[in-house]
Amino acid sequence: MSCRNKLAVVTGGMGGIGTAVCLRLANEGARVVATCHPSEADRVDDWVKELQGKDAEVAVVAGDVSTAEGGATLMNQIVEKFGPVDILVNCAGITRDSTMKKMTDEQWDAVIDTNLSSVFYVTQPIWTSMTERGFGRIINISSVNGQRGQFGQANYSAAKAGMHGFTMALAYEGAAKGVTVNTVSPGYIETAMTAAMRDDVREAIVGGIPMRRMGQPEEIAQAVAFLADDESTYVTGANLPVNGGLFIH
Ligand code: CAA
Ligand code: NAP
């Protein structure tokens, strides 16, 4: 496997899955830029040092991907500083779980803006450059709950299902231009996102996973590395499930 000398951008790169993806792509030879939310700025130095301790040199640029202006400013800054983007991993995401009865407009909007609209806001500024240069890998981190739905996640499931619609449509636009666009749909992975769930709810869900355990961020990074590989030239528009058998279809 190799992404040698490619420039990879990972949104939400300092999160649980994002960190594993940054580390893996750096180990595959990519130059990696993680993006983080401006509120995480005070964590950047420690995070960069932690990765240096694992032989990975990763730069960080802060920006809010949930707005059109934030996404465009962030990507333009990255291109100006590091050059054209070859690999984009859309990994920033949040949950605001609630049953329909109690879901507020704010909970709906926050999840749609951060998990779905962000993918457009971040991809659009670099799309033309990728197609003109004849190489690109776009990997959207969706979820098993975008494929099967989940009680209390109408906002999240809608956004994550929408992400794969975006993937399929854009795959057609990139197909003749050397740009592949794919989705990875993780099951329940051990990160801050699942740690925030109610213990009883999480335990019930894990009990229903055929592999009887949550996944590790590195198991998602493995799928991303495959799709990002220089040699993964004929896979596009796909939705790769990495879920321990939770949803087999
Ligand atoms: N199916 C059917 N009924 C259910 C149910 C289910 N899966 N879950 C709960 N119910 C029922 C309950 O039994 C309860 O019934 P009664 O009123 O008759 O007692 C009713 O629905 C209300 O349930 P809760 O007590 O759970 O409601 P709540 O308001 O306290 O909590 C919730 C709502 C926070 C959404 C909670 O249900 C929940 O955490 N759900 C799981 C959401 C989830 O999986 N989130 C994943 C976060 S991580 C992530 O998203 C990563 C990823 O991509 C995988
Ligand atoms: P995480 O550790 O919470 O990481 C999410 C990252 O996204 C955080 O660093 C977060 O920053 C960042 N982010 C959120 N909103 C942002 C914004 N507006 N602008 C920029 N960055 C923003 O969670 P994770 O589990 O690694 O999740 C990564 C991705 O995988 C998400 O898209 C998630 O939906 C998806 N996923 C996770 C699981 C799972 O079980 N863990 C399963 C399926 C899919 P802050 O910390 O500042 O908010």
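Everything quoted here is computed from the prediction, not taken from an experiment. (Residues numbered from 1 in each chain as written. Chains lettered and ligands numbered in written order. Predicted model: local features only at pLDDT ≥ 70, side-chain atom pairs only at ≥ 80, totals over all residues. Heavy atoms only, no water.)

A.B. asks: Tell me about the environment of Thr183, and name the residues and values.
C.D. replies: Secondary-structure assignment places Thr183 in strand E6 (residues 179-186). The class of Thr183 is buried, set by a relative accessible area of 0%. In this structure the C-alpha to C-alpha distance between Thr183 and Ala223, which are 40 residues apart in sequence, comes to 9.8 Å. Excluding residues within four positions of it along the chain, Thr183 makes contact with Asn140, Ser142, Met163, His164, Thr167, Leu227, Ala238, Asn239 and Leu240. (Helix = DSSP H or I, 4+ residues; strand = E, 2+ residues; numbered from the N terminus. Buried < 20%, exposed > 50% of the residue type's maximum accessible area, 1.4 Å probe, protein only. Contact = heavy atoms within 4.5 Å.)

A.B. asks: Any chance you could break down the sheet that holds strand E1 (residues 7-10) for me, citing the residues and the numbers?
C.D. replies: Judged by pairing direction, the sheet is parallel, and its seven strands sit side by side in the order E3-E2-E1-E4-E5-E6-E7 without closing on themselves. Each edge of the open sheet is held by one strand with a lone partner, namely strand E3 (58-62) and strand E7 (239-242). Direction aside, neighbouring strands of the sheet carry axes that sit 20 degrees apart on average. Two elements, strand E5 (residues 136-141) and E6, share six bridges in a ladder whose sense is parallel. Each residue of the ladder has a partner; that of Ile138, found in E6, is Val181. Relative to E3, helix H2 (residues 44-52) is tilted by about 160 degrees, and along the sheet it contacts strand E2 (31-36) and E3. Most of the contacts of helix H4 (residues 105-133) go to strand E4 (residues 87-90), to which it runs at about 170 degrees, and overall it touches E4, E5 and E6. (Pairing = 2+ DSSP bridges. Axes fitted to C-alpha atoms, helices over the stretch in contact; angles between N-to-C directions.)

A.B. asks: Which residues make up helix H3 (residues 68-82), and what values do they have?
C.D. replies: For H3, spanning 15 residues, the distance from its first C-alpha to its last is 21 Å, which sits close to the expected 21 Å at 1.5 Å a residue. Residues of H3 that are buried: Gly70, Gly71, Leu74, Met75 and Ile78. Looking straight down H3, one finds its buried side chains confined to an arc of 120 degrees; they lie on one side. Residues of H3 that are exposed and point more than 90 degrees away from the buried face comprise Glu69 and Glu80. (Expected span 1.5 Å × (residues − 1). Arc of directions from axis to C-beta.)

A.B. asks: Give a description of the packing of aromatic side chains that names residues and reports values.
C.D. replies: Counted under the stated rule, the structure contains one aromatic pair. Each ring, one from Phe120 and one from Tyr121, has its centre 6.0 Å from the other, and the planes form 55 degrees; the classification is tilted. The positively charged end of Lys6 is found above the aromatic ring belonging to Phe135, 4.8 Å away from the centroid. (Phe/Tyr/Trp six-rings, centres within 6.5 Å; stacked < 30°, edge-to-face > 60°. Lys NZ or Arg CZ within 6 Å of the ring centre and 35° of its normal.)

A.B. asks: How would you explain the packing of helix H1 (residues 16-27) against helix H9 (residues 217-228) if you had to name every residue and give the values?
C.D. replies: Where H1 meets H9, the closest approach of the two axes is 8 Å, and the angle between their N-to-C directions is 50 degrees. In terms of their interaxial angle, H1 and H9 are classed as oblique. Remark: the crossing between H1 and H9 carries right-handed chirality. Counting all contacts with H1, which are made through Gly16, Ile17, Ala20, Val21, Arg24 and Leu25, the residues of H9 involved are Pro217, Glu218, Ile220, Ala221, Gln222, Val224, Ala225 and Ala228. (Parallel < 35°, antiparallel > 145°, perpendicular 65-115°, else oblique. Left-handed = near helix turned anticlockwise from the far one by under 90°.)

A.B. asks: So, the environment of Glu190: which residues are in play, and what are the values?
C.D. replies: When you line up the elements, Glu190 lands in the loop between E6 and helix H7 (192-195). Placed 90 residues apart in sequence, Glu190 and Met100 show a C-alpha to C-alpha distance of 26 Å. Sequence-distant contacts of Glu190, defined by excluding residues within four places in its chain, comprise Met214, Gly215, Gln216 and Pro217. Within the structure, the side chain of Glu190 is placed 3.2 Å from the side chain of Gln216, a separation counted as a polar contact. (Polar contact = N/O pair within 3.5 Å; in protein donor to acceptor, adjacent residues only side chain to side chain.)

A.B. asks: Any chance you could break down the side chain of His164 for me, citing the residues and the numbers?
C.D. replies: Mapping His164 onto the fold places it in helix H6 (residues 154-174). In this structure His164 comes out as buried when scored by relative accessible area, which is 13%. Those residues in contact with His164 that lie beyond four places of it in its chain are Thr183, Gly237, Ala238 and Asn239.

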